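Take a look at the letters that make up each chain.
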Amino acid sequence: MFKVPDHQVAGHRASQGVLGPLIDDSGRFYKPLQSDERGSNEVVFYTQFSSNKEIPNHIRKFFSVYYDTQLIEASDGSGLLPHLVLEDITSTRTNPSIMDVKIGSRTWYPQASEDYITKCLMKDRQTTSLPLGFRISGLQIYGSEQSGYWKPDKKRVLGFTAEDVRVVLRKFVSSNSSDDFGTEPDCAFAAAVYGGSTGILAQLLKLKAWFEDQTIYHFYSCSVLMVYEKEPILNGKSPSAAVKLVDFAHVLDGQGVIDHNFLGGLCSLIKFISEILKDQPHDLTKDNSGSEIACANDCNKI
Ligand SMILES: Nc1ncnc2c1ncn2[C@@H]1O[C@H](COP(=O)(O)OP(=O)(O)OP(=O)(O)O)[C@@H](O)[C@H]1O
Ligand SMILES: O=P(O)(O)O[C@@H]1[C@H](O)[C@H](O)[C@@H](OP(=O)(O)O)[C@H](OP(=O)(O)O)[C@H]1O
């Protein structure tokens, strides 16, 4: 009944002897509680967030629905272990293209141990976290039935330079992205996926507007997951592009202060995606009247 997710793109994957998330047939994602405070922190976050009346509904949809915790057999064969039961973001999608982007130039939080800070700082320096304010943690891009997915391994992904990130964000919405870095991405799906009033850019801008205001939480080492389906676009339908936040093991009380680490990284990601839309034959960050699409249509409503 439980199985290893087909579409997990980052984090530790379940396998023989290895602890990782599982899914079931009913559209639920089971994330094992890490034994240290990370597991309990994430439970506290989801529990508090689920009942927090200060969270606007248009922001709540950026988070997976939380269905409590449940004791299930762990994937590593160690026996029953509590798991967070979440909505499986990919369950309703066929052949989803997914990117996990870890937001923030700093993935370590103030109260962390010296060893933990050293480990995170090293990764932040070795990846694009420090220069760009975010790093790609994992991805899969669907090509076609013949080519399947382009899913570079973790080592490759963590080695992405700033230029690689720019290219990969273009490949993510291209029809010729199933090979490695050889081909110039055509950005054929940029308008359908990143653009428009319900596209990824508009969603990221809504999230940004909330982060410019909210001082409830500070999200360290949290990821933005971007998901869409290519095939519906080819049939003239919506790609169901979605932005979701995942991984709340290091969420701290915001204590009335803006989460500038997350906000800065989010603005940087937005800038990269806007540039792709601006590069298209018609500037897709603007509507027919020349006004900024996402802001005119969405941000002002918040
Ligand atoms: N609710 C969800 N539905 C579907 N897939 C999910 C969901 N949450 C997470 N994932 C998948 O699992 C991956 C890892 O998620 P997450 O970062 O929460 O795990 P983690 O074990 O804390 O990762 P890490 O070990 O890097 O800290 C994501 O990149 C995504 O592919
Ligand atoms: O935030 P946490 O819960 O401390 O978890 C770590 C964090 O998600 C890092 O981003 C990840 O490194 P990558 O960025 O390299 O995936 C690391 O993997 P690791 O244990 O394999 O180093 C995790 O342990």
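Our structure's up above, just so we're on the same page.
Residues numbered from 1 in each chain as written. Chains lettered and ligands numbered in written order. Predicted model: local features only at pLDDT ≥ 70, side-chain atom pairs only at ≥ 80, totals over all residues. Heavy atoms only, no water.

**Quick word on the overall build of the protein chain**
Helix and strand counts for the protein chain come out as 11 helices and 11 strands. Relative to its length of 302 residues, the protein chain is compact, with a C-alpha radius of gyration of 19 Å against a globular reference of 19 Å. Across its three principal axes, the protein chain shows a C-alpha extent of roughly 55 × 50 × 35 Å. Out of the 302 residues belonging to the protein chain, those deemed buried represent 53%. Taking contacts inside the protein chain between residues at least 6 apart in sequence as the whole, the part at least 24 apart equals 64%. Carbon and sulfur atoms provide 51% of the accessible area of the protein chain, an area that totals close to 14,100 Å². (Helix = DSSP H or I, 4+ residues; strand = E, 2+ residues; numbered from the N terminus. Rg over C-alpha atoms; globule rule 2.2 N^0.38 Å. Buried < 20%, exposed > 50% of the residue type's maximum accessible area, 1.4 Å probe, protein only. Contact = heavy atoms within 4.5 Å. Areas by Shrake-Rupley, 256 points an atom, 1.4 Å probe, with all protein chains shown as cover.)

**Looking at the site of ligand 1**
Around ligand 1, the surrounding shell holds 16 residues, and the nearest of these are V9, K31, E87, I89 and D100. Contact distances for ligand 1 include 2.6 Å between an oxygen atom and a side-chain N or O atom of D100. For ligand 1, whose accessible area on its own is 620 Å², the fraction buried by protein is 88%. Partitioned by chemical class, the residues of the shell around ligand 1 number 6 nonpolar, 5 polar and 5 charged. When we break the shell around ligand 1 down by domain, the ones giving at least three residues each are domain 1 (22-87) and domain 2 (96-301). (Near = heavy atom within 4 Å. Polar contact = N/O pair within 3.5 Å; in protein donor to acceptor, adjacent residues only side chain to side chain. Nonpolar A, V, L, I, M, F, W, Y, C, P; charged D, E, K, R; others polar. Domains from an automatic or database assignment.)

**Some details on the site of ligand 2**
Looking at ligand 2, the residues that line it are H12, Q34, R38, K102, Y116, K119, K123, R135, K154, L158, S221 and H250. Between ligand 2 and H12, the relevant distance is 3.4 Å, taken from an oxygen atom to a side-chain nitrogen or oxygen of the residue. For ligand 2, whose unbound accessible area comes to 500 Å², protein coverage reaches 78%. Of all elements in the fold, only α3 (114-126) and α5 (154-158) reach the threshold of two or more residues within the shell around ligand 2. Of all the elements, α3 adds the most residues to the shell around ligand 2, at 3 residues. Split into classes, the residues belonging to the shell around ligand 2 amount to 2 nonpolar, 4 polar and 6 charged.

**Describing the side chain of Q8**
Tracing the chain through its elements places Q8 in the segment before β1 (22-23). Under the relative-accessibility criterion, Q8 is labelled buried at 8%. In this structure the side chain of Q8 is engaged in a polar contact, spanning 3.2 Å, whose partner is the backbone oxygen of H12. With residues up to four places along the chain from it excluded, the contact list for Q8 reads R13, P21 and K151.

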